[in-house]
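# Commentary on secondary and tertiary structure
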Amino acid sequence: GDDDENGYIVQYQKTTVNDESNLVQTETTAEHFDMCAVCSGLHNVPNIPRNIIAFEKSFKGSILHSSEYKDSSIFDNKRVLILGSGETSMDIALRAVNNPKSISVALNVRRGFLSIPHNLAEDRPLDVFITNLFEHSYEHPWVHALRLRWHLSTIVIRLFLFLTGSSVGFNQWTCETTPVRRGYHIINKSHGAMSHLNVPIKSKSLRGRFWMKLYGEEGLRPIESFHKTSVVGVENDGKTIRFDDGRTYEADLIIIATGYKQSFPFLDETIQAEYRQEAMEVQKESSPLLNPQSSDYTLEEEYLPSQHFITGKKRPRLGFIGFVRPNVGAIPPMSELQVMWWLCRMKNKVNMLKRDPKVPLSYMVLGAKYQYGVDYGNYMHRVAEDIGAAPSLVNVWKKSGFKGLFTYSMGQSHIPLFRLEGPFASKLCWSITSNELWQVCLNRGFAENFGLVSMCTVSLWMNLTACALELLWCCFTFRKPKFFTRY
C-alpha cells in the first residue's frame with residue numbers, strides 16, 4: 001500500500017498433500033502486519049550474463065550455473081571453462097583442477113580481482129588486520145575526504161604484497177584488477193586456485209620459476225586464464241569458445257559463476273517504484289553507480305532502500321536486513337547492527353546525518369561493482385553513530401582500561417563494541433571486549449601489532465595536522481572549528 005503507518009498485507013500460500021489421493025492443494029492466505037522485515041538473502045537469483053544466453057543453444061556441451069554444482073565428478077573427462085571472478089569461481093576451479101579425471105581447466109575473468117587468502121597465517125584471519133581508530137572513528141573529515149588513511153594503508157598493502165612475489169595480489173601473477181588500493185575492491189579470499197593460475201605465467205621467466213620453487217608450485221596442474229576478455233560466441237564445431245581478444249578454448253562444460261542478484265517479486269510495484277526513484281536520485285546527484293544496462297556482466301538487480309540499505313525514506317516499518325556486501329568481513333554482524341538501527345528507526349530515535357547529496361556515502365566501496373558494496377568498518381560506525389552506539393574512547397578507557405581501549409582502537413568493528421553504550425548496551429559485551437576480543441588482538445603477534453600501532457601513530461599526526469589547519473582556517477574566517485565531526 002501507499003501508507004507505511006497502516007502496515008502491510010502479506011499474502012502467502014499454504015501447500016498441503018492429501019494422504020489418500022496424493023493431490024497437492026494450495027490455499028492463498030492474507031494477513032496484516034504492522035511491520036515487515038525482508039530477509040530473503042542478498043543473492044537469491046542466479047545471474048546469467050546476456051552474452052551467455054545468446055550462444056547457449058549453439059554450444060554442444062553442458063552449461064551449469066554454480067548454484068547447480070554438487071560434486072566434482074561432473075568434471076570427469078571434461079574440458080572445463082569457468083566464468084567469473086568471485087570466490088565461488090575460484091572454489092570450483094580448484095575442485096576441477098584437483099579432479100585427476102578432468103582434461104583441462106580454464107578461467108575467464110573479465111575485470112580481474114584482488115586475491116588475498118582468508119588466513120594470512122594460523123590464527124591470523126585477514127580481517128583482524130583492520131583497525132578502527134583514525135580509520136573508521138575519530139577521523140577528521142578532511143583526512144577522510146582526501147582518503148589519507150587509505151593511501152597510507154595502500155602503501156603498506158602494496159609493500160606486503162610485493163614481498164609475496166607480486167604487488168597486485170598475494171602471490172597473484174594473473175587476473176589482476178586495477179587500481180590495487182585500499183577501499184576499492186571486495187577482496188577475493190578464496191586463494192587455493194591461485195597457485196594453479198600462476199603456473200602458465202611463472203613458468204615463462206626465471207623470476208617466475210624462482211617463486212614457483214619457493215611456494216612449492218612445481219608440478220601443479222595449470223589453470224589457463226582468459227583475463228580482461230569476454231566470450232563472444234561459439235565456433236561451428238559447437239565446442240570451441242571464442243573470446244573478443246581473438247583467443248579460443250575448447251570446452252565440454254561451462255560453469256557460470258557470475259554470482260546472484262536480489263529480486264523482490266513479492267513487493268508491490270508502488271514500493272519498488274519508490275526505491276527505484278530514490279536510487280536514481282542518488283545516482284544523479286553523486287558519483288553514478290553502475291548502470292544495470294551498461295554491460296553484459298553487470299547485475300540487473302532490483303533497487304534497495306536508500307537509508308543504509310535498510311529502509312526507504314517513506315517506509316520505516318519495512319526493513320531490509322542483510323543486503324550489503326562488505327569488502328572484508330561478514331554479513332551476519334552487519335545484519336545484527338542493521339536490526340538495532342531499524343528498531344530505533346521505528347521508534348523515531350535515529351539521528352541520521354544531514355549530508356550533501358552530491359557527496360557519495362563515505363562507506364561505499366570505490367570500485368562500484370555493486371550498488372551495495374561497502375567498507376565494513378566504515379559502514380558499521382556510520383550506522384552505529386545514528387543510534388548513539390558508536391563507542392567513546394573516554395568511556396571505554398574509564399570502564400575497561402587499557403585492554404578495552406586497545407581492543408577497540410586496534411581491533412576490527414566487532415558487534416559487541418557497538419553494545420558497550422547506546423540503546424542496546426550490555427554488561428556482557430564489556431566482558432567480551434576485555435577478554436575474548438582482547439585475545440584476538442594478542443593472537444596477531446608482536447610484529448603485527450607493532451606495525452598496526454605504527455600506522456595508527458602516523459594517522460594520529462595526520463589528524464592532528466588537519467585539526468591545526470582547521471583551527472588556523474577558522475581564525476581567518478571567524479568560524480567555530482568542528483574537528484572530529486561526523487561525516
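Check the entry above for the structure.
The following paragraphs examine the structure supplied in this document. Since the model is a prediction, treat every value here as computed from it, not as a measurement.

Attention now moves to the sheet that holds strand 12 (residues 240-243). The three strands are arranged 11-12-13 in an open sheet whose pairing can be described as antiparallel. For this open sheet the edge positions go to strand 11 (231-234) and strand 13 (248-250), each flanked by a neighbour on one side alone. Strand-to-strand twist across the sheet, computed as the mean angle between neighbouring axes with direction ignored, equals 25°. Strand direction decides the pairing type here: strand 12 and strand 13, joined by three bridges, are antiparallel. By the bridge assignment, arginine 242 is partnered in strand 13 with threonine 248.

Let us now look at the packing of aromatic side chains. Considering all chains together, one arrives at 17 aromatic pairs under this definition. Here the aromatic rings of phenylalanine 264 and phenylalanine 266 are separated by 6.1 Å at their centres, their planes lie at 70°, and the arrangement is edge-to-face. The exposed category is assigned to phenylalanine 266, whose relative accessible area is 51%. Taken together, the ring pairs connect Phe264, Phe266, Tyr275, Phe320 and Phe323 into an aromatic cluster.

Let us now look at the pattern of salt bridges. For the coordinates displayed, the defined rule picks out 16 salt bridges. Across the pair glutamate 87 and lysine 189 runs a salt bridge, and its minimum N-O distance is 3.2 Å. Linking glutamate 87 in helix 2 (residues 87-98) with lysine 189 in the loop between helix 4 (148-163) and helix 5 (194-202), this pair joins segments that are 102 residues apart in sequence. Linking lysine 202 and glutamate 217 is a salt bridge whose minimum nitrogen-to-oxygen distance equals 2.7 Å.

Between its first and last C-alpha atoms helix 2 spans 17 Å; for 12 residues at 1.5 Å apiece the expected length is 16 Å, and the two agree. Ser89, Met90, Ile92, Ala93, Ala96 and Val97 are the residues of helix 2 that are buried. Looking straight down helix 2, one finds its buried side chains confined to an arc of 165°; they lie on one side. Buried residues belonging to helix 2 abut strand 6 (79-83), strand 7 (104-109), helix 5 and strand 14 (253-256).

Calculation criteria
Residues numbered from 1 in each chain as written. Predicted model: local features only at pLDDT ≥ 70, side-chain atom pairs only at ≥ 80, totals over all residues. Heavy atoms only, no water. Pairing = 2+ DSSP bridges. Helix = DSSP H or I, 4+ residues; strand = E, 2+ residues; numbered from the N terminus. Axes fitted to C-alpha atoms, helices over the stretch in contact; angles between N-to-C directions. Phe/Tyr/Trp six-rings, centres within 6.5 Å; stacked < 30°, edge-to-face > 60°. Buried < 20%, exposed > 50% of the residue type's maximum accessible area, 1.4 Å probe, protein only. Salt bridge = Lys/Arg side-chain N within 4 Å of Asp/Glu carboxyl O. Expected span 1.5 Å × (residues − 1). Arc of directions from axis to C-beta. Contact = heavy atoms within 4.5 Å.

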